[in-house]
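# Chains, contacts and geometry: an overview
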Amino acid sequence: MTETTEVAPRRGVATWVQIVIIAGLIGLLVLVGVTLRKRQQGSVQPGDTIPNFTIPLFAGYQYDGQAQFNLQDYRGKVVVINFWASWCKPCEQEAAELQAAWEQYRPTGQVVFLGVDYVDTEPEARVYLQKYGITYPNGPDMATRVSQLFRTTGVPETYFIDKNGVLRFAQIGPFTSLGEIQGQIDLLLAE
């Protein structure tokens, strides 16, 4: 007597499921590739046009009564953007020079400063701003959106943007004198 065993027919994964899986994997690879390419580009370079961005400002650190800073609003002016943090010791070294430069150029109406508080808490940031007597506009970099735009590598970093929105100089690390800051601003004002 021979017994016959019935074998259930093998069913493969439905074609549409395979397509969805392959499409998902391709999408993931593209995303990884784009992210790696951005990281390899390094920070923004002089000559790059800086795209518009908006950042909220701390209460008491607004500019012209505005609760947020929108870069586009300051075309026609020299813009100095300083990335800093309350926990950053080198930031402390340049705080007085940046404030002195702001006090010198603010009355002209031709130069705008923006402090971008990087990976910090608001209470600690406010203590830092008060400790160093900083009065120029400052705001938190929520979710590091602005620092990612500039592809910063740390703090402090300061960027000088000309009247046309083009990055002209980037200072990686602290300034050692007021003259260094004045030199960059005066070059851009002379254009």
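Everything in this summary refers to the structure shown in the same document. (Residues numbered from 1 in each chain as written. Predicted model: local features only at pLDDT ≥ 70, side-chain atom pairs only at ≥ 80, totals over all residues. Heavy atoms only, no water.)

## Comments concerning the state of the cysteines
This model, assessed by the stated rule, comprises one disulfide. The disulfide that involves C88 links it to C91, with 2.4 Å between the sulfurs. Classification of the bridge connecting C88 and C91 rests on its S-S torsion, roughly 85°, and on that basis the disulfide is right-handed. Exposure remark for C88: the relative accessible area of 3% places this residue in the buried category. Classification of C91 by relative accessible area gives buried; the value is 1%. (Disulfide = S-S within 2.5 Å. Buried < 20%, exposed > 50% of the residue type's maximum accessible area, 1.4 Å probe, protein only.)

## Remarks on the packing of aromatic side chains
Counting across every chain of the model gives 15 aromatic pairs. Centre to centre, the rings of Y63 and W102 are 6.0 Å apart; their planes meet at 65°, and the pair counts as edge-to-face. You can see Y63 sitting in the loop between β1 (54–56) and β2 (68–70) and its partner W102 sitting in helix α2 (residues 89–105), a full 39 residues away along the chain. Accessibility expressed as a relative area gives 5% for Y63, which makes it buried. Here the aromatic rings of F69 and Y74 are separated by 4.7 Å at their centres, their planes lie at 20°, and the arrangement is stacked. The exposure class assigned to F69 is buried, which follows from its relative accessible area of 0%. Residue classification places Y74 among the buried residues on the basis of a relative accessible area of 7%. Through a chain of ring-to-ring contacts, three or more aromatic side chains come together here, namely F53, Y63, F69, Y74, F83, W102, F113, Y136, F150 and Y159. (Phe/Tyr/Trp six-rings, centres within 6.5 Å; stacked < 30°, edge-to-face > 60°. Helix = DSSP H or I, 4+ residues; strand = E, 2+ residues; numbered from the N terminus.)

## So, the pairing of strand β3 (residues 78–84)
Across the seven residues that make up β3, a large majority, seven, are buried. Judged by which residues are buried, β3 turns out to be covered on both faces: V78, V80, N82 and W84 on one side and V79, I81 and F83 on the other are all buried. Relative to strand β4 (residues 111–117), β3 is paired through seven bridges, and the arrangement is parallel. What sits directly across from F83, in β4, is V116. You can see the chain leave β3, run along α2 and come back into β4, and the turn it takes is right-handed. As paired strands, β3 and strand β6 (residues 157–161) are joined by five bridges and run antiparallel to one another. Bridging across to β6, I81 finds its partner in Y159. (Pairing = 2+ DSSP bridges. Right-handed = clockwise from strand over helix to strand, strands pointing away.)

## Observations concerning helix α5 (residues 178–189)
For α5, which comprises 12 residues, the first-to-last C-alpha distance of 16 Å matches the rise-based estimate of 16 Å (1.5 Å per residue) to within 8%. If you check which residues of α5 are buried, you get I181, Q184, I185 and L188. The arc that holds the buried residues of α5, viewed along the axis, is 90°, so those residues lie on one side. (Expected span 1.5 Å × (residues − 1). Arc of directions from axis to C-beta.)

## Remarks on the pattern of salt bridges
In this structure the tally under the stated criterion is four salt bridges. In this structure, the salt-bridge partner of E122 is R126, at a minimum N-O distance of 3.0 Å. Of this pair, E122 and R126 are both found in helix α3 (residues 122–131), four residues apart, which corresponds to roughly one turn of the helix. Taking the shortest distance from any N to any O, the salt bridge between D162 and R168 comes out at 3.3 Å. It is possible to trace a salt-bridge network through shared partners that takes in D162, R168 and E191. (Salt bridge = Lys/Arg side-chain N within 4 Å of Asp/Glu carboxyl O.)

## Overview of the sheet that holds β6
The strand order across the open sheet formed by five strands is β5-β4-β3-β6-β7, and the pairing between neighbours is mixed. The open sheet has two free edges, formed respectively by β5 (138–140) and β7 (167–172), since each of these has just one partner strand. If you compare each strand with its neighbour and ignore which way they point, the axes differ by 20° on average. Looking at chain direction, β6 and β7 are connected through five bridges and run antiparallel. Residue E157 lies in a different strand from β7, and its bridge partner there is I172. Relative to β6, α5 is tilted by about 20°, and along the sheet it contacts β3, β4, β6 and β7. (Axes fitted to C-alpha atoms, helices over the stretch in contact; angles between N-to-C directions. Contact = heavy atoms within 4.5 Å.)

Everything listed here is a matter of geometry and, on its own, says nothing about what the molecule does.
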